[in-house]
Amino acid sequence: MTLQVQLVLVEMLNEPAESRYGLDLCATTGLPSGTIYPILARLEGHGWVESDWEDPDAHIVEGRPRRRYYRLTREGAECAAEALQGIERARKTAAVAWRVAKPRTAGAGP
């Protein structure tokens, strides 16, 4: 799982029941739309995400393009949380195995 996919999943897991549109995810993850939309399409293809177009009246009144909203499925939220926990465990294990020092805080002694 790429770092970019992890960023999208972490952001979506912050509020798993909420629907999010792509440009909102771009703003919160710092990733460009050319990265976000293919990730969302892949996650939807795997059944982790589902999407719906907003009501046309909403975007017409606001004078903007129609948005497609994405949300994690129940299974997607469970799988994403499990996968991200596994990645974090692997990072910690690797850090211990390689004896990676914890980052020092500013002003801390030797």
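All values derive from a computational prediction rather than experimental measurement. (Residues numbered from 1 in each chain as written. Predicted model: local features only at pLDDT ≥ 70, side-chain atom pairs only at ≥ 80, totals over all residues. Heavy atoms only, no water.)

K.L.:
Quick one: what's the story with the overall build of the protein, residue by residue and with numbers?
P.N.:
Across its full length, the protein carries five helices and three strands. When the helices and strands of the protein are read in sequence order from the N terminus, they spell out α-β-α-α-β-α-β-α. A compact globule built from 110 residues would reach a C-alpha radius of gyration of about 13 Å, whereas the protein, at 18 Å, exceeds it by more than 25%. Oriented by its inertia axes, the alpha-carbon framework of the protein measures out at about 60 × 35 × 25 Å. Burial analysis of the protein (110 residues in total) assigns 29% to the buried set. Looking at the protein alone, contacts between residues at least 24 apart form 54% of all its contacts between residues at least 6 apart. Here the protein displays about 7,500 Å² of accessible surface, and carbon together with sulfur accounts for 56% of that area. Measuring between centres, the 14 positive side-chain charges of the protein sit 12 Å from its 15 negative side-chain charges. (Helix = DSSP H or I, 4+ residues; strand = E, 2+ residues; numbered from the N terminus. Rg over C-alpha atoms; globule rule 2.2 N^0.38 Å. Buried < 20%, exposed > 50% of the residue type's maximum accessible area, 1.4 Å probe, protein only. Contact = heavy atoms within 4.5 Å. Areas by Shrake-Rupley, 256 points an atom, 1.4 Å probe, with all protein chains shown as cover. Lys, Arg positive; Asp, Glu negative; His and termini not counted. Charge placed at Lys NZ, Arg CZ, Asp CG, Glu CD.)

K.L.:
Hey, could you go over the sheet that holds strand 1 (residues 20-21) for me, with residue numbers and the actual values?
P.N.:
Reading across the sheet, the three strands line up as 1-3-2 and stay open at both edges, with antiparallel pairing between neighbours. The sheet is open, and its two borders are formed by strand 1 and strand 2 (49-53), each paired with just one other strand. Looking at chain direction, strand 2 and strand 3 (residues 68-72) are connected through five bridges and run antiparallel. In the sheet register, D52 faces strand 3, and the bridge partner there is Y69. Relative to strand 3, helix 1 (residues 3-14) is tilted by about 85°, and along the sheet it contacts strand 1, strand 2 and strand 3. (Pairing = 2+ DSSP bridges. Axes fitted to C-alpha atoms, helices over the stretch in contact; angles between N-to-C directions.)

K.L.:
With reference to specific residues and values, describe the nonpolar core.
P.N.:
Generally speaking, a soluble globular protein has its nonpolar side chains buried in company with each other. If you look at the biggest cluster of nonpolar residues, it comprises 19 residues, and the most contacted ones within it are V8, L9, M12, I36, L40, L43 and V49. Every element with two or more residues in this core is listed here: helix 1, helix 2 (22-29), helix 3 (33-45), strand 3 and helix 5 (74-97). Not counting the four nearest positions on each side in its chain, V49 is found in contact with M12, L43, E44, Y70, R71, L72 and T73. (Core = buried A, V, L, I, M, F, W, Y, C linked by side-chain atoms within 4.5 Å.)

K.L.:
Lay out helix 5 with the relevant residues and their values.
P.N.:
For helix 5, with 24 residues, the first-to-last C-alpha span of 35 Å sits near the 34 Å given by 1.5 Å per residue. Lining the buried residues of helix 5 we find helix 1 and strand 3. Phi turns positive one or two residues past the end of helix 5, at R99, with a value near 50°. (Expected span 1.5 Å × (residues − 1).)

K.L.:
Please provide a residue-by-residue account of the packing of helix 1 against helix 5, values included.
P.N.:
Helix-helix packing: each pair is described by the crossing angle between the helix axes and the interaxial distance. It is the contact of helix 1 with helix 5, at a shortest axis distance of 10 Å, that shows an interaxial angle of 125°. In terms of orientation, helix 1 and helix 5 fall into the oblique class. Considering how the two elements wind past one another, helix 1 and helix 5 form a crossing that is left-handed. Here Q6, L9, V10 and L13 of helix 1 come into contact with helix 5, specifically with A77, A80, A81, L84, I87 and R91. (Parallel < 35°, antiparallel > 145°, perpendicular 65-115°, else oblique. Left-handed = near helix turned anticlockwise from the far one by under 90°.)

K.L.:
Provide a residue-level description of the environment of N14, including the pertinent values.
P.N.:
Looking at where N14 falls in the secondary structure, it is placed in helix 1. The spacing of N14 and Q4 is ten residues in sequence and 16 Å in space, taken between C-alpha atoms.

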